[in-house]
Each structure stands twice: as C-alpha cells, then as structure tokens.
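In case you want the letters, here they are:
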Amino acid sequence: MTSTLNPKKPVLKMDNVCKNFGGVIAADKIALELYGGEIFGLIGPNGAGKTTLLNLITGIYQSDDGEMFLLDKNITKVPTHRRARLGIARTFQHPRLLNRCDIKTNILMGSDLANKRKIKGGKLEEDMNMLLKCAGLQNVNLSDSIEKLSYGQQKMLEIVRALLCEPAVLLLDEPAAGLNTKEMDYIVALIKVAVQKDIAVLLIEHAMDLVMGICDRLTVLNFGHQIATGTPTEIQSNEEVIKAYLGGSCNVKS
Ligand SMILES: Nc1ncnc2c1ncn2[C@@H]1O[C@H](COP(=O)(O)OP(=O)(O)OP(=O)(O)O)[C@@H](O)[C@H]1O
Ligand SMILES: [Mg+2]
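Residues numbered from 1 in each chain as written. Chains lettered and ligands numbered in written order. Predicted model: local features only at pLDDT ≥ 70, side-chain atom pairs only at ≥ 80, totals over all residues. Heavy atoms only, no water.

A. Region of interest: the site of ligand 1. Residues in contact with ligand 1 amount to 15 residues; listed here are only the nearest, Gly47, Lys50, Thr51, Thr52 and Gln93. Contact distances for ligand 1 include 3.0 Å between a nitrogen atom and a side-chain N or O atom of Tyr61. In isolation ligand 1 has 640 Å² of accessible area, and contact with the protein removes 65% of it. Those elements giving two or more residues to the shell around ligand 1 turn out to be β2 (24-34) and α1 (50-58). The element contributing the most residues to the shell around ligand 1 is α1, with three residues. Broken down by class, the residue content of the shell around ligand 1 amounts to six nonpolar, seven polar and two charged. (Near = heavy atom within 4 Å. Polar contact = N/O pair within 3.5 Å; in protein donor to acceptor, adjacent residues only side chain to side chain. Areas by Shrake-Rupley, 256 points an atom, 1.4 Å probe, with all protein chains shown as cover. Helix = DSSP H or I, 4+ residues; strand = E, 2+ residues; numbered from the N terminus. Nonpolar A, V, L, I, M, F, W, Y, C, P; charged D, E, K, R; others polar.)

B. Focus on the pattern of salt bridges. A complete count under the given rule lists eight salt bridges for this structure. The shortest N-O distance in the salt bridge between Asp198 and Lys8 comes to 3.1 Å. Of this pair, Asp198 sits in the loop between α7 (181-196) and β8 (200-204) while Lys8 sits in the segment before β1 (12-21), and the two are 190 residues apart along the sequence. The shortest N-O distance in the salt bridge between Lys123 and Asp127 comes to 3.2 Å. Of this pair, Lys123 and Asp127 both sit in helix α5 (residues 123-134), separated by four residues, roughly a single helical turn. For Lys123, a relative accessible area of 39% translates into the label partly exposed. According to the relative accessible area criterion, Asp127 is buried, its value standing at 9%. (Salt bridge = Lys/Arg side-chain N within 4 Å of Asp/Glu carboxyl O. Buried < 20%, exposed > 50% of the residue type's maximum accessible area, 1.4 Å probe, protein only.)

C. Broad picture of the environment of Gln62. You can see Gln62 is positioned in the loop between α1 and β4 (65-70). The exposure class of Gln62 is partly exposed, given its relative accessible area of 35%. Residues Gln62 and Lys19, spaced 43 residues apart in sequence, show a C-alpha to C-alpha distance of 7.9 Å. Contact partners of Gln62, with chain neighbours within four places excluded, come to Lys19, Leu56, Thr76, Lys77 and Arg83. (Contact = heavy atoms within 4.5 Å.)

D. Region of interest: α7. For α7, which comprises 16 residues, the first-to-last C-alpha distance of 23 Å matches the rise-based estimate of 22 Å (1.5 Å per residue) to within 8%. Among the residues of α7, Glu183, Ile187, Val188, Leu190, Ile191, Val193, Ala194 and Val195 are the ones counted as buried. Turning to α7, the residues buried within the fold contact β3 (39-43), α5, α6 (151-164), β7 (169-173), β8 and α8 (208-214). Sitting at the head of α7, Asn180 places a side-chain oxygen 3.2 Å from the backbone nitrogen of Lys182. One or two residues past the end of α7 sits Asp198, with phi positive at roughly 65°. (Expected span 1.5 Å × (residues − 1).)

E. Focus on the side chain of Arg90. Examined against the element boundaries, Arg90 turns out to sit in strand β6 (residues 88-90). No salt bridge is formed by the buried Arg90; its nearest oppositely charged neighbour, Asp173, is found at 4.3 Å. At 2.7 Å, the side chain of Arg90 forms a polar contact with the side chain of Asn55. With residues up to four places along the chain from it excluded, the contact list for Arg90 reads Leu54, Asn55, Thr58, Ile60, Ala162, Leu171 and Asp173. (Lys, Arg positive; Asp, Glu negative; His and termini not counted.)

F. Structural context of the environment of Ile227. Tracing the sequence through the fold places Ile227 in strand β10 (residues 225-230). For Ile227, a relative accessible area of 17% puts it in the buried group. What Ile227 contacts, discounting residues up to four positions off in sequence, is Val220, Asn222, Glu240, Val241 and Ala244.

This is the structure:
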C-alpha cells in the first residue's frame, strides 16, 4: 500500500465528471485521482452511483460533462474497447462470464481483448497459474465448463481474468459480496498482487471490515454526490458519512 502523500502522477484522473439519468443524478462533479499501487475505496448506500462511476470510467456510459485522463491521455470520448487496451480492467457486480465456454477460455478472453496474449507468449500460462493459486483455484480443471465453478469462484476468476490483462487500473465492483470468509481472503490476496504490480485499484464494497482494513483512501458517494474523501480513519469519523451511510452499527477496523 502507498502513502496518502503519494508524489507520483495519478494513473487515473476524473475531473468534474457528471451523469444524469432523466431526473436522477448518478454522478455529480466527481473528482478523483488514483495512483499506482494504491487501493482506493468507493463506498455509499445502494443507488449512490458507485457502479455508474465504473461504467463511466470504462466508457460503458458517456459522461454528460467533465473529463477523464489515463495518465496523460484524455479518455473522455475513447470507446470502451480502446480503454481496455489502454489499461483499464474491471470486474462486475454480478460475474459476467461466457457460460458456454470452458474456464480457460474465460480467463484468457480478457488478455485477448487487451491485446496482451501474443506479446506475453509462454509467460501468460505462468502468470495465470500464479493467479489461480492466489485465488485458491489451482486445482480446478481448466477445460471444465465455467458453470462448474461456485459463485464465489466465478467472482475470483473475474479478478484473475482482469489481472492477466496487466492493467494500469483495476476496477472491482463488490468483489466480496456473497463470499465466505475464506473466499474473502483470496480476494485480498489477489488485490495485494495488483498492488505489488503497481496497479491502481478502485474497490467498491459494502463489507466495511474489508474496505477499512485494506484501503489507503476512500471516497463516499450519496445520491451521486461525493460527500467525503480521505483515509479510513478520516472517513469513519466524518459526521456526514456516518449519517448517510455508516450509521452507528458499523463494525470497522483500521
Ligand atoms: N442505465 C441506467 N438507466 C437509468 N438509471 C440508471 C442507470 N444506471 C444507473 N441508474 C440509476 O443511477 C443511480 C445509481 O445507480 P448505481 O447502480 O450506480 O448505484 P450503486 O451505488 O452501484 O448501488 P448498489 O450498491 O445497489 O450497487 C440509481 O438511481 C440507478 O437507478
Ligand atoms: Mg452497484
């Protein structure tokens, strides 16, 4: 994990990004900077705009206003597939995999789309095996149908797929939701691999123990508004955040 006073250039920068759906404000002048090797949390109540932000970063949604930069490149109008090639990888709130394909095809699909497969050659297999081990999936039969994997295993596989693309930014949409404690440990191990590789990780999660324990910084969304940004300690003592989201019952650790 990096210091909050990171002197490096941001890998991803959002500058006053806005998105409305009819009368619903899903993103209101969002301003964020993510740094390589940093775990940045994105939290807030249901419907706050967290997934919308990921869809804006990946280009699935076009922003109504504002700009986004991946290092020096303005990506505001860049289409989704090119953003993937430029180094933005993600997972989905509910796993999105090719149900009719085997496990290996699903894993390699990401690096294919990111155009990394040919470049990496034999090392791809080595990296894949290392990541599968981190995810506790080293014993799965790669030629099995993806549907043989449990929900938790599918969520982990999505992270493996994303990491194999060697992205600059990894966007994780509630990776721990619906997972047991052991599976959560695997998620943490995979996130730590990303940090070691100097990837900027954006983590959406409702599991507060996980978020507060692992993130360097966090931003809190409420009705599309960014109500606070800071370290876990700062966020946990922010009155607006407590009122809007954390409440009094949240069991968090620093
Ligand atoms: N494609 C869309 N069309 C219309 N409204 C949308 C669309 N996508 C999101 N919204 C609305 O934008 C708001 C933010 O939704 P979003 O899915 O980003 O919330 P979230 O913070 O990810 O919530 P959750 O914790 O439940 O996943 C909600 O009011 C949602 O209904
Ligand atoms: Mg969501």
